[in-house]
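Analysis of the macromolecular model
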Amino acid sequence: MLAALLADAFADVRAYGTRTALQTVGVVLGVASVVATLGLSAGQRAKSMEFWQETGGTLKVLVYPKPLEAVRLAARERSSKGLTLADAAAIRERLSGFDLVATAVRKPFWVRSWLAQKRLPVTGITPAWGEFHGLTLARGRFFTDQDMQTAAPVCVLGAERAREFFGSEDAVGRVLRVGDHALVVVGVLTLREFYWSRADSWNALSWINELVLVPATTLTRRYLRSGSDQVDEIALRLASAEAHERAVPALRALLVARHGAEDFEIFDRQDRIQQMEQQGKVYDITFLVCGLISLLVGGIVVANIMLASFTERMREVGVRKAIGAKGWQIFLQFLVETIVVNGLGGVLGLAVGVGFVHGVAVLLDQAAVLTPTMILAAVGCAVSVAVVFGLFPAWKAARMDPVVALRYE
Amino acid sequence: MVARKPLVELSGIWKIYDGGVEVQALRGVDLRIYPGEYVAIMGPSGSGKSTLMHILGLLDSPTRGSYLLAGEEVSKLSPARLATLRNRFIGFVFQAFNLLPRASVLRNVELPLLYAGVPGRERRERAMAMLARVGLADHAKHLPAQLSGGQRQRAAIARALVTEPSVLLADEPTGNLDQTTGAEIMGLFDELSSQGQTVVLVTHDPQVAAHARRLVRLVDGRIAEDTGVA
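Everything numeric here is computed off the predicted structure, so don't read it as measured data. (Residues numbered from 1 in each chain as written. Chains lettered and ligands numbered in written order. Predicted model: local features only at pLDDT ≥ 70, side-chain atom pairs only at ≥ 80, totals over all residues.)

**Considering the overall build of chain A**
Scanning chain A from N- to C-terminus turns up 15 helices and 10 strands. Here chain A, with 409 residues, has 37% of them falling under the buried criterion. Considering only contacts in chain A between residues 6 or more positions apart, those separated by 24 or more positions represent 83%. (Helix = DSSP H or I, 4+ residues; strand = E, 2+ residues; numbered from the N terminus. Buried ≥ 20, exposed ≤ 12 C-beta atoms within 10 Å, placed from the backbone. Contact = placed C-beta atoms within 7 Å.)

What follows is the structure, given as structure tokens:
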């Protein structure tokens, strides 16, 4: 009997084509806007994660020196030398939670080959630094432990620098003059590219292509000789995402204790992820609220049309009751009609929303992601709105006095 | 032909509407209708004949009095129970036909069986058989709007009869039809009556009432004349 009643309601939905279409529009737009906004915001986040995976993962923690304003410095603070190799050693010894510790020192030098000459920052690094930033080699080798111990006169170039100083020739094995010394190029890094969108001409990884790397010891012993052990960057990798909560505050505390002031800055990707997720949530909620408002409007449209069609169909309700329809059967009929109409609207809205997301993705060259959860949520929303807004008219119809309903003109 | 037990037994039926001003639509109606009877209820407008038909048809409940339908007291039943009895015992034919405009003739005729819970195949067969009986077998797939007035009323009669009701209740069944078509429809009622169907007509038209074998005249909510069981 239930199946027959459902079939009857379905037949009615088909019979009232225009009304069905009108009712659907509100829901279509609501679902479409929810799907579109969710899809675009998820796409943005997926793109950020991709960028991070490209450059050494999400467990990176970087420490940079941040000079304090001289006038306000206390004596103890003035004695601080900024970030040093000793800091890195202290971190390695005293802090757990990091599985990779590397340092980098940057100094500008004149760099010359037969082809070009340029004043450039040269970066003196410990070998772990390459792994830390996710650097890979196109040709040659990276620095060895022996290079480090002997402060070997060698360097590794980013792809762009190799092209700049050696043209189309293979740079490996060639000699590059850096400052007062001649260094042998032992390796060339893979050319790296990352564009936030296809329309974007800025390569977010160009800094890798522009590196001139030497062993840290080479820079300090052969060039600086001052005995200074200042570094420009301490790069740390968390052993796990869970370690983040304890390791980063411990790092800050340790460095403050050693320096007597917070003359450094910590850049922490886990922290950024959390911020991003927080922001993402705010966006998602905002968009969702907008979408839900349009769903609500759609629902009101549904209820309105149902109420209008209900007066139009009052007589029909009377006739149905006269031939023996019980209240719940009328109720079911009206409710099934709304659910079918809105389910249909939900599916259509989904199609429109998906189309919109892909349209925007192509036009504005934005990333877009759609998950089954989103799709279910959108259609579920549409149907529940329908049920909620369909309940009242259905209930009203079910309770109609048949004599009154029959007399209705 | 007349059985001993009445099909319908109204005793002391009052119907009072109280919408600010009290209106006594029925004031103590006693009426017995036996199986197989062909009754016409007549009366001027405002005499209470529509109210009586609604109560007879279980669309409305009396304010006072007792109504035994096939021996069961039905004056105090719930709306759902009334719907079930209506479906089983009563077949309605209206002046305005009251077919569902968007449903085919067949679907219209099937509908009472649907509410009775009759399974699909049987429903279809019984509806088709009933359409054949009123001469509309070829119009099963049509929409009501595609039929003439007479055909629509035939479809409505098929719908009323498809559940094999004890009483066929017709309210001005020829009111929206021309003379000739009206006569045809009345011929159909006569034929049904001769086959043993209990028929109750509610009308103000003496020509229509003349078809019945028993006349009940209603004036001011009371039975003024009853030609009695034939």
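**As for the overall build of chain B**
Regarding its fold elements, chain B presents 7 helices and 10 strands. A total of 230 residues make up chain B; the buried ones form 48% of that total. Taking the intrachain contacts of chain B between residues at least 6 apart in sequence as the baseline, contacts between residues at least 24 apart amount to 69%.

**Here's the deal with the environment of A:Ala308**
In this structure, A:Ala308 sits in helix H11 (residues 269-312). Sequence spacing of A:Ala308 and A:Pro393 is 85 residues, and the spatial spacing of their C-alpha atoms is 9.4 Å.

**As for the pairing of strand S3 (residues 117-125) of chain A**
Across a regular strand the side chains alternate sides, sitting on one face of the sheet and then on the other. Residue and element names in this part refer to chain A. Where strand S2 (residues 98-112) lies against S3, 9 bridges are found, and the strand directions are antiparallel. Each residue of the ladder has a partner; that of Arg112, found in S3, is Gln117. Between S2 and S3, which pair antiparallel in sequence order, lie 4 residues. The pairing of S3 with strand S8 (residues 212-215) spans 3 bridges and is classified as parallel. Residue Gly124 lies in a different strand from S8, and its bridge partner there is Val214. (Pairing = 2+ DSSP bridges.)

**Considering the nonpolar core**
With 116 residues, the main nonpolar core has A:Val31, A:Val35, A:Ala382, B:Ile41 and B:Ala158 as its most contacted residues. When residues in this core are grouped by element, the largest group, 12 residues, is from helix H14 (residues 372-399) of chain A. Leave out the neighbours within four places in its chain, and A:Val35 touches A:Leu350, A:Gly353, A:Val354, A:Val357, A:Met374 and A:Ala378. With 51 residues, the next largest nonpolar core counts A:Val111, A:Ala159, A:Ala247 and A:Leu251 among its residues. (Core = buried A, V, L, I, M, F, W, Y, C linked by C-beta atoms within 7 Å.)

**Focus: the sheet that holds strand S3 (residues 38-42) of chain B**
What holds strands together in a sheet is hydrogen bonding between their backbones, with the strands either parallel or antiparallel. Residue and element names in this part refer to chain B. Strand order in the open sheet made by the 6 strands is S6-S7-S8-S3-S9-S10, with mixed pairing throughout. Sheet topology places strand S6 (90-93) and strand S10 (222-226) at the edges, where each strand pairs with a single neighbour. Averaged over neighbouring strand pairs, the angle between their axes works out to 20° when direction is ignored. Across the sheet, helix H5 (residues 149-161) lies against S6 and strand S7 (167-171), angled at about 170° from S6, the strand it touches most. (Axes fitted to C-alpha atoms, helices over the stretch in contact; angles between N-to-C directions.)

**Structural notes on the interface of chain A and chain B**
Listed by partner, the interface residues are 21 residues for chain A and 23 residues for chain B. Listing elements by their share of the side of chain A that touches chain B, those giving two or more residues are helix H1 (2-15), helix H12 (314-322), helix H13 (327-363) and helix H15 (402-407) of chain A. Top element by residues in the side of chain A that touches chain B is H1(A). It accounts for 6 residues. In terms of residue class, the side of chain A that touches chain B is made up of 12 nonpolar, 3 polar and 6 charged. (Nonpolar A, V, L, I, M, F, W, Y, C, P; charged D, E, K, R; others polar.)

**Side note on helix H9 (residues 216-224) of chain A**
All names here are of chain A. Turning to H9, its buried residues are Ala216, Thr218, Leu219 and Thr220. Contact partners of the buried residues in H9: S2, S3 and S8. Arg225 lies just past H9 and shows a positive phi near 45°.

**Some details on the sheet that holds strand S5 (residues 72-73) of chain B**
Residue and element names in this part refer to chain B. Here we have 4 strands laid out as an open sheet, ordered S2-S1-S4-S5, and antiparallel in their pairing. Edge strands, defined here as strands with exactly one partner in the open sheet, are strand S2 (21-33) and S5. Judged from the 10 bridges that link them, strand S1 (residues 8-19) and S2 form a sheet pairing that is antiparallel. The residue of S2 that forms the bridge with Tyr17 is Val23.

**Quick look at unusual backbone geometry**
A positive phi angle, close to 50°, is found at A:Ala151, a residue other than glycine. For A:Ala151, the position within the fold is in the loop between helix H6 (145-150) and strand S5 (154-157). Classification of A:Ala151 as partly exposed rests on a count of 18 C-beta atoms within 10 Å. A positive phi angle is found at B:Glu164, which is not glycine, with a value near 50°.

**A closer look at the environment of A:Ala46**
Turning to its location among the elements, A:Ala46 is positioned in helix H2 (residues 17-54). Taking the C-alpha atoms as reference, A:Ala46 lies 7.7 Å from A:Val369; in sequence the two are 323 residues apart.

**Some points on the packing of helix H3 (residues 105-116) of chain B against helix H4 (residues 120-133) of chain B**
Residue and element names in this part refer to chain B. The contact between H3 and H4 brings their axes to 9 Å, and the two run at 125°. By the angle class used here, H3 and H4 are oblique. When you trace H3 past H4, the crossing you get is right-handed. On H4, the residues that touch Val105, Leu106, Val109, Glu110, Leu113 and Leu114 of H3 are Arg123, Arg124, Arg126, Ala127, Met130 and Leu131. (Parallel < 35°, antiparallel > 145°, perpendicular 65-115°, else oblique. Left-handed = near helix turned anticlockwise from the far one by under 90°.)

**Quick look at the environment of B:Ser45**
Within the element layout of this structure, B:Ser45 appears in the loop between S3 and helix H1 (49-56). We classify B:Ser45 as exposed; it has 8 C-beta atoms within 10 Å.

**Notes on the pairing of strand S9 (residues 233-238) of chain A**
Residue and element names in this part refer to chain A. Taken across its 6 residues, S9 has 5 buried, putting it largely inside the fold. The pairing of strand S1 (residues 60-65) with S9 spans 4 bridges and is classified as antiparallel. Looking across to S9, one finds that Lys60 is bridged to Arg237. Across 6 bridges, S2 lies against S9 in antiparallel orientation. Its bridge partner lying in S9, Ala104 is registered against Glu233.

**Section: the packing of H2(A) against H14(A)**
In a pair of packed helices, the angle between the axes and the distance between the axes together describe the arrangement. Residues and elements named next belong to chain A. Orientation of H2 relative to H14, taken along the N-to-C sense of each, is 155°, at an axis distance of 10 Å. When the interaxial angle is binned, H2 and H14 end up roughly antiparallel. For the element pair H2 and H14, the recorded crossing hand is right-handed. The segment H2 lies against H14, with Val27, Gly30, Val31, Val34, Val35, Leu38 and Gly39 engaging Met374, Ala378, Val379, Cys381 and Ala382. When its residues are assigned to classes, the contact of H2 with H14 shows 10 nonpolar, 2 polar and no charged.

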